[in-house]
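One letter stands for each residue in the lines below.
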Amino acid sequence: MKINATYLNGCPLNQISQLADSQFNTIIATFIGIDSLGNGVVDGAMGSYKPAQWINPLRIAKKSLLFSIGGEAATPASLECLFQGPASTELNPSIYGNFLKMIRQVLNGGPITLKTASGVDYPTDYGMGFNGIDFDLENFQSYSGGISSNLWADRLSQLNLQLRKDLPAGTLITHAPQTPYMLSSTRWPGANGGNPLALYTRMMQSSGDAIDWLNVQIYNQNNFSNTDMLATTLKALLQDWSQMAKTSAAKIVITVPFANNQCGSGYISPEMLTAALASLTPTTAARGFNGWAYNASNTVTPSWDQQFTQLNS
């Protein structure tokens, strides 16, 4: 299935009927973090008082619904507790057990008690539940190479593979890396090949079969001054990097901001995206498209869900 996705970074109850009727087939709600014991900490739409009010209509409308773990503020230290020690790639059975229990509970839906950012118990209800999880990890300091990069690539691989074993069959597992975690930072944004030491290159080589797709963020890193620059970056991701990572372009979902005020840099118009993709060969077709965030979907005409549908056709 082609992915036609959007993130929810709030709880748009007054827009939920419109979202249910939209051509988006995949919705990713933000965010759940974890504390030092592996318990869930809620934020954004995931911390709304009555999330079942938006979860249930979307599930009834046959949308695939994922929840995002991490977020802009997430760092490697956020996940350190899951492992046996500072240099270990082995999962800590107790902490990972709590983490897995939390994920299963949220996926299953219904009543659950998580934590607020201040550590207070937060009883909530996730209604009909979710179809999967999306790891949004944006603050790795050594994403482009070196020992730290390799350590975290191996740790994430171990986590991916273990979750694939422990979660029900059919559970979606995705990641949302920024582009420099995949391409050479020294050649960004004009990269024409992947960096073999990049964190997500090594991770996909080790655990790519456990991942359904990557929501690759091509924004908040640089501006694209022209279509050729964007096309070069997309070719690097969809062709050169996918070959190096021993995967395919079908594992990549191109993720864009829906408006200038949704990002610090890197906004591209639908027209620029369409033109850049038209210059690529059919063998470099992505799995689909994703956008941050739904509350800005109607800033263009046709709306972004319709734009994605046309690009996916």
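Residues numbered from 1 in each chain as written. Predicted model: local features only at pLDDT ≥ 70, side-chain atom pairs only at ≥ 80, totals over all residues. Heavy atoms only, no water.

### Quick word on the overall build of the protein
Part 1 of the argument: Across its full length, the protein carries 9 helices and 11 strands.
Part 2 of the argument: For 313 residues, the compact-globule estimate of 2.2 N^0.38 gives 20 Å, and the C-alpha radius of gyration of the protein, at 19 Å, lies within 12% of that figure.
Part 3 of the argument: Burial status across the protein gives 57% buried among its 313 residues.
Part 4 of the argument: Pairs at least 24 residues apart make up 74% of the contacts formed inside the protein by residues separated by at least 6 positions.
Part 5 of the argument: On the protein, roughly 12500 Å² of surface is accessible, and the fraction owed to carbon and sulfur atoms is 50%.
Part 6 of the argument: With 17 positive and 19 negative side-chain charges, the protein shows a spacing of 7 Å between the two charge centroids. (Helix = DSSP H or I, 4+ residues; strand = E, 2+ residues; numbered from the N terminus. Rg over C-alpha atoms; globule rule 2.2 N^0.38 Å. Buried < 20%, exposed > 50% of the residue type's maximum accessible area, 1.4 Å probe, protein only. Contact = heavy atoms within 4.5 Å. Areas by Shrake-Rupley, 256 points an atom, 1.4 Å probe, with all protein chains shown as cover. Lys, Arg positive; Asp, Glu negative; His and termini not counted. Charge placed at Lys NZ, Arg CZ, Asp CG, Glu CD.)

### Observations concerning the packing of helix 7 (residues 227-244) against helix 8 (residues 270-278)
Part 1 of the argument: With their axes 8 Å apart at the nearest point, helix 7 and helix 8 run at an angle of 55 degrees to one another. In terms of axis orientation, helix 7 runs oblique to helix 8. Remark: the crossing between helix 7 and helix 8 carries right-handed chirality. Together, Thr227, Leu230, Ala231 and Leu234 of helix 7 and Met272, Leu273, Ala275, Ala276 and Leu277 of helix 8 make up the contact between the two elements. (Axes fitted to C-alpha atoms, helices over the stretch in contact; angles between N-to-C directions. Parallel < 35°, antiparallel > 145°, perpendicular 65-115°, else oblique. Left-handed = near helix turned anticlockwise from the far one by under 90°.)

### A closer look at helix 2 (residues 52-60)
Part 1 of the argument: Those residues of helix 2 that fall on the buried side of the exposure criterion are Trp54, Ile55 and Leu58. An end-on view of helix 2 places all buried positions within 100 degrees of arc, on one side of the element.
Part 2 of the argument: In the core, the buried residues of helix 2 are packed alongside strand 1 (3-8), helix 1 (16-21), strand 2 (26-34) and strand 4 (64-71).
Part 3 of the argument: Backbone geometry just downstream of helix 2 places Lys62 in the positive-phi region, at approximately 70 degrees. (Arc of directions from axis to C-beta.)

### A closer look at unusual backbone geometry
Part 1 of the argument: Look at the link from Thr30 to Phe31: it is a cis peptide, with omega at -20 degrees.
Part 2 of the argument: Along the chain, Phe31 turns up in strand 2.
Part 3 of the argument: For the bond from Trp292 to Ala293, the omega torsion is -5 degrees, close enough to zero to count as cis.
Part 4 of the argument: In this structure, Ala293 sits in the loop between strand 11 (288-292) and helix 9 (304-312).
Part 5 of the argument: With a phi angle near 60 degrees, Asn220 is a residue other than glycine that sits in the positive phi range.
Part 6 of the argument: By the secondary structure assignment, Asn220 is in the loop between strand 9 (213-217) and helix 7.
Part 7 of the argument: Residue Asn220 is classed as partly exposed on the basis of its relative accessible area of 35%.

### Looking at the layout of surface pockets
Part 1 of the argument: Looking at the largest pocket, its volume works out to about 280 Å³.
Part 2 of the argument: Contributing to the lining of the largest pocket are 17 residues, with Ile32, Gly33, Gly70, Ala73 and Ala74 lying nearest its centre.
Part 3 of the argument: Element by element, the count of residues in the lining of the largest pocket is highest for strand 2, at 4 residues.
Part 4 of the argument: In the lining of the largest pocket, the residues fall into 11 nonpolar, 4 polar and 2 charged.
Part 5 of the argument: Of the voids in this model, the second largest pocket is the one considered here, and its volume is about 200 Å³.
Part 6 of the argument: Lining the second largest pocket are Phe31, Glu72, Asp136, Glu138, Gln217, Tyr219, Asn220, Gln262 and Trp292.
Part 7 of the argument: Looking at the lining of the second largest pocket residue by residue, the classes come out as 3 nonpolar, 3 polar and 3 charged. (1 Å grid on protein atoms, 1.4 Å probe; cavity = no way out; pocket = protein on both sides within 12 Å on 5 of 7 lines; lining within 4 Å. Points joined across faces, edges and corners; volume = space filled by probe spheres on them. Nonpolar A, V, L, I, M, F, W, Y, C, P; charged D, E, K, R; others polar.)

### As for the pairing of strand 10 (residues 252-257)
Part 1 of the argument: For strand 10, the buried fraction is high: 6 of the 6 residues fall into the buried class.
Part 2 of the argument: Covered by surrounding structure in strand 10 are Ile252, Ile254 and Val256 together with Val253, Thr255 and Pro257, the residues of both alternating faces.
Part 3 of the argument: Pairing analysis gives 4 bridges linking strand 9 to strand 10, with the strands arranged parallel. Note on strand 10: the bridge partner recorded for Asn215 is Val253.
Part 4 of the argument: Between the parallel pair strand 9 and strand 10, the chain is carried across by helix 7, and the sense of this crossover is right-handed.
Part 5 of the argument: In this structure, strand 10 lies alongside strand 11, joined through 5 bridges in parallel fashion. In the strand pairing of strand 11, Pro257 is matched with Trp292.
Part 6 of the argument: At this point the chain moves from strand 10, through helix 8, to the parallel strand 11, and the crossover so formed is right-handed. (Pairing = 2+ DSSP bridges. Right-handed = clockwise from strand over helix to strand, strands pointing away.)

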